[in-house]
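# Structure at a glance
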Amino acid sequence: MFQSNNKIGFYSAMLFLLWPLLALLSAFKNYRSSWAKNILWAFIAFYGFAFAIGAESEGADIARYVEKYQHLHGQQMTFAKALEYYSESGDIDVASTFISIVLSRFTDSQSILTLVYGIIFGYFFSRNMWFVLEHLKGNIRFTTALLFICFFLVIPIWNMNGFRMWTAAHIFIYGLLPYLYEGKKSGVLIASLSILVHFSFLVPVSILYLYIFAGNRLLIYFVFYCLTFFVSEINLSVFNELVEGYAPEIIQERTAGYRGEQYVENYREGTTNSQNWYMDWYGRAMRWSIMGFLVVLFFRAKKFFMQNKNWLNLFCFTLLFYGVANLFSSLPSGGRFLSIANLSALALITLYVQNKEHEKVMKRFIIAATPALVLFIVVSVRMGLYSISATTILGNPIIAIFLTGEHISMNDVMRMLL
């Protein structure tokens, strides 16, 4: 069996050089093999190398990362000047600035920058996906597959568009899940390192330490989660007083734009931008579905959780974190914490739905939630077309080398064809 798996892994690696997408499908088919997660990692690196900044992505974070990196390429940079540049940049986190400075010494190629982003992001993303897959028992159920696809798409590979925030999210989850579910204390340190990638992870890391201090308080966390689900508006004046009274000056300056009263008011009224209906509802569909699952788990599986500490750890932290994320969702960009909450919740729900027997209420809710999950999947994949290039879908690494700087997004391809 071991030799057979290695043989399939070798063929999949060769297939990757010809058609990475097909190799990725092979990896998911053979997800219990040790080599499979590395195919996903390699695919994300390839996605980064063939990354396309489409028309809709020109104002995205990735465009600013590339512009800053290419500007640095034309400048002489000593260690002292690098420190000066960092201090004047206004950035708190270190990772992206370090990557830009180092790479810009050698090249100004967008493909190289996004390749490095893909390697880093892809490592943590692939490990998080396989953490859940490796803990699934038996043959995968249809509902489990649906939930796992949602888990895959909460912070998907094309969120590399916002490299800092979403890489930090996967680093946090990479440390969090082994700590909660397997009791690996090193996970706390790994999760804490996410702050170096994005300063806002002071919030998730603080919640983690609060949970460690408070312990498992299932009823309290559940009530807190339910209350914040329906009443989730932070008192802005009190929040600003806390930030200005206790946060370091650099944090105050970095968050000032997000805390402005008029900006927050416009955000809460929905006047900061306009979206198609499905862009608004696909997130709500996921949020309401997760709430339904968590309520069913609390009322119908409480005894199981109380008897299994690792499961209880994950459930309690999810409720606590989701409650805080609900509160922050009333602030501009605070809604991004809901994605992290969704990752934690979907890891729990996917594992439970696959590994435990379904009683009547759970079976009925699964049927009711399926259309909402499908809506989330369809819209999420549609959004991915803005940065997935035609080379990523149809090409291979060899073709990508000759098309460096000329990749076109699948969304732009569709617009030309239609």
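Residues numbered from 1 in each chain as written. Predicted model: local features only at pLDDT ≥ 70, side-chain atom pairs only at ≥ 80, totals over all residues. Heavy atoms only, no water.

## So, the overall build of the chain
What counts, and what does not: Working definition: helices are DSSP H or I runs of at least four residues, strands are E runs of at least two. Numbering for both runs from the N terminus. When accessible area is computed with a 1.4 Å probe and restricted to protein chains, residues below 20% of their type maximum are described as buried, those above 50% as exposed, and intermediate ones as partly exposed. By definition, residues are in contact when any of their heavy atoms lie within 4.5 Å. In short, Shrake-Rupley with a 1.4 Å probe defines the accessible areas, and a residue's cover is counted only from the protein chains shown.
Along its length, the chain carries 23 helices and 0 strands. Put simply, the chain has 418 residues, and 53% of those count as buried. Looking at the chain alone, contacts between residues at least 24 apart form 77% of all its contacts between residues at least 6 apart. Summed over all atoms, the accessible surface of the chain reaches about 20,100 Å², with 63% contributed by carbon and sulfur.

## Focus: empty space enclosed by the protein
Applicable threshold: In this analysis the probe radius is 1.4 Å and the grid spacing 1 Å, with only protein atoms considered; a cavity is a set of points the probe fits into but cannot get out of, a pocket is an open set with protein on both sides within 12 Å along at least five of seven lines, and lining residues have an atom within 4 Å of a point. Grid points are joined across faces, edges and corners, and a volume is the space filled by probe spheres set on the points. Nonpolar residues are Ala, Val, Leu, Ile, Met, Phe, Trp, Tyr, Cys and Pro. Charged residues are Asp, Glu, Lys and Arg, and all others, Gly as well, are polar.
Counted by the stated rule, this structure contains 1 cavity of 30 Å³ or more. Roughly 50 Å³ of volume is contained in the largest cavity. Around the largest cavity sit V296, L297, R300, A301, Y352, E357, H358, E359 and M362, which together line it. With 3 residues, the top contributor of residues to the lining of the largest cavity is helix α16 (residues 277-300). Here the lining of the largest cavity is composed, by residue class, of 5 nonpolar, 1 polar and 3 charged.

## Concerning the confidence of the model for the chain
We apply this condition: How sure the predictor is of each residue is captured by pLDDT, a score from 0 to 100.
Of the residues in the chain, 83% have a pLDDT of 70 or more, and the chain-wide mean is 84. Mean pLDDT values over the elements of the chain span from 46, in helix α15 (residues 261-269), up to 97, in helix α10 (residues 186-192). Confidence over residues 259-269 falls short of pLDDT 50; this stretch has 30 contacts with residues more than four positions distant or in other chains.

## Side note on the packing of aromatic side chains
Put simply, the rule reads: Each pair of aromatic rings taken from Phe, Tyr and Trp, with Trp reduced to its six-membered ring, is defined by centres within 6.5 Å and is described as stacked if the planes are under 30 degrees apart, edge-to-face if over 60, and tilted in the remaining cases.
Throughout the structure, instances matching the rule amount to 37 aromatic pairs. The interplanar angle of 5° and the centroid separation of 3.8 Å between the aromatic rings of F222 and F298 together place this pair among those described as stacked. Of the two residues, F222 sits in helix α12 (residues 218-230) while F298 sits in helix α16, which places them 76 residues apart along the sequence. Between F305 and F315, the aromatic rings sit 4.6 Å apart at their centres with planes inclined by 40°, giving tilted as the arrangement.

## Comments concerning the layout of surface pockets
Volume-wise, the second largest pocket comes out at about 590 Å³. Looking at the second largest pocket, it is lined by 24 residues, and the ones nearest its centre are L21, L24, L25, F28 and F152. Broken down by secondary-structure element, the contributors of at least two residues to the lining of the second largest pocket are α2 (20-29), α3 (36-49), α8 (142-154) and α21 (390-394). Counting residues per element, the lining of the second largest pocket draws most heavily on α8, at 5 residues. When its residues are assigned to classes, the lining of the second largest pocket shows 23 nonpolar, 1 polar and no charged.

## Structural notes on the pattern of salt bridges
Definition in use: A carboxyl oxygen of Asp or Glu within 4 Å of a side-chain nitrogen of Lys or Arg is what we treat as a salt bridge.
Summed over the entire model, instances satisfying the criterion amount to 2 salt bridges. When the shortest N-O distance is used, the salt bridge between E182 and K184 registers 3.3 Å. With relative accessibility at 33%, the residue E182 sits in the partly exposed group.

## Observations regarding a nonpolar patch on the surface
Threshold: Patch definition: residues above 30% relative accessible area lacking any salt bridge, with like charges linked at up to 9 Å and the nonpolar side chains Val, Leu, Ile, Met, Phe, Trp and Tyr linked at up to 5 Å.
Together, V94, F98, V102, F106, L189, L193 and L196 make up an exposed nonpolar region whose accessible area comes to about 710 Å². Within the fold, F98 resides in helix α6 (residues 95-104). In this structure F98 comes out as exposed when scored by relative accessible area, which is 54%.

## Focus: the environment of L319
By secondary structure assignment, the location of L319 is in helix α18 (residues 309-328). On the accessibility criterion, L319 (0% relative accessible area) is buried. Along the primary structure L319 and I220 are separated by 99 residues, whereas in three dimensions their C-alpha atoms are 9.3 Å apart. Setting aside chain neighbours within four positions, we find L319 in contact with L218, Y221, F222, Y225 and L294.

## Thoughts on the packing of α18 against helix α19 (residues 336-355)
In helix packing, the relevant descriptors are the interaxial angle and the interaxial distance, both defined with respect to the helix axes. Formally: Where helices are involved, their axes are fitted lines through C-alpha atoms of the stretch in contact, as for all axes, and angles between N-to-C directions lie from 0 to 180°. What sets the label is the angle itself: under 35 degrees gives roughly parallel, over 145 gives roughly antiparallel, 65 to 115 gives roughly perpendicular, and the rest give oblique. Crossing handedness is read from the near helix: turned anticlockwise from the far helix by less than a right angle, it gives a left-handed crossing, and turned clockwise, a right-handed one.
It is at 9 Å that the axes of α18 and α19 come closest, and there the two elements cross at 150°. As summarised for this structure, α18 and α19 are arranged roughly antiparallel, according to the angle between their axes. Regarding α18 and α19, the two cross each other, and that crossing is left-handed. Contacts between α18 and α19 involve W311, L314, F315, F317, T318, F321, Y322, A325, N326 and F328 from the former and F337, L338, I340, A341, N342, S344, A345, L348, L351, Y352 and N355 from the latter. Its residues placed into classes, the contact of α18 with α19 shows 16 nonpolar, 5 polar and no charged.

## Side note on the nonpolar core
Note the threshold: Throughout, nonpolar core names a set of buried Ala, Val, Leu, Ile, Met, Phe, Trp, Tyr and Cys residues whose side chains join them through atoms within 4.5 Å.
One finds F172, F293, F305, F315, F317, I340 and I349 to be the most contacted residues of the largest nonpolar core, which totals 125 residues. In this structure, I340 is in contact with I155, M165, A169, F172, I173, F201, P204 and F321, ignoring residues within four places of it in sequence. Residues L72, M77, A82 and Y85 belong to the second largest nonpolar core, which totals 5 residues.

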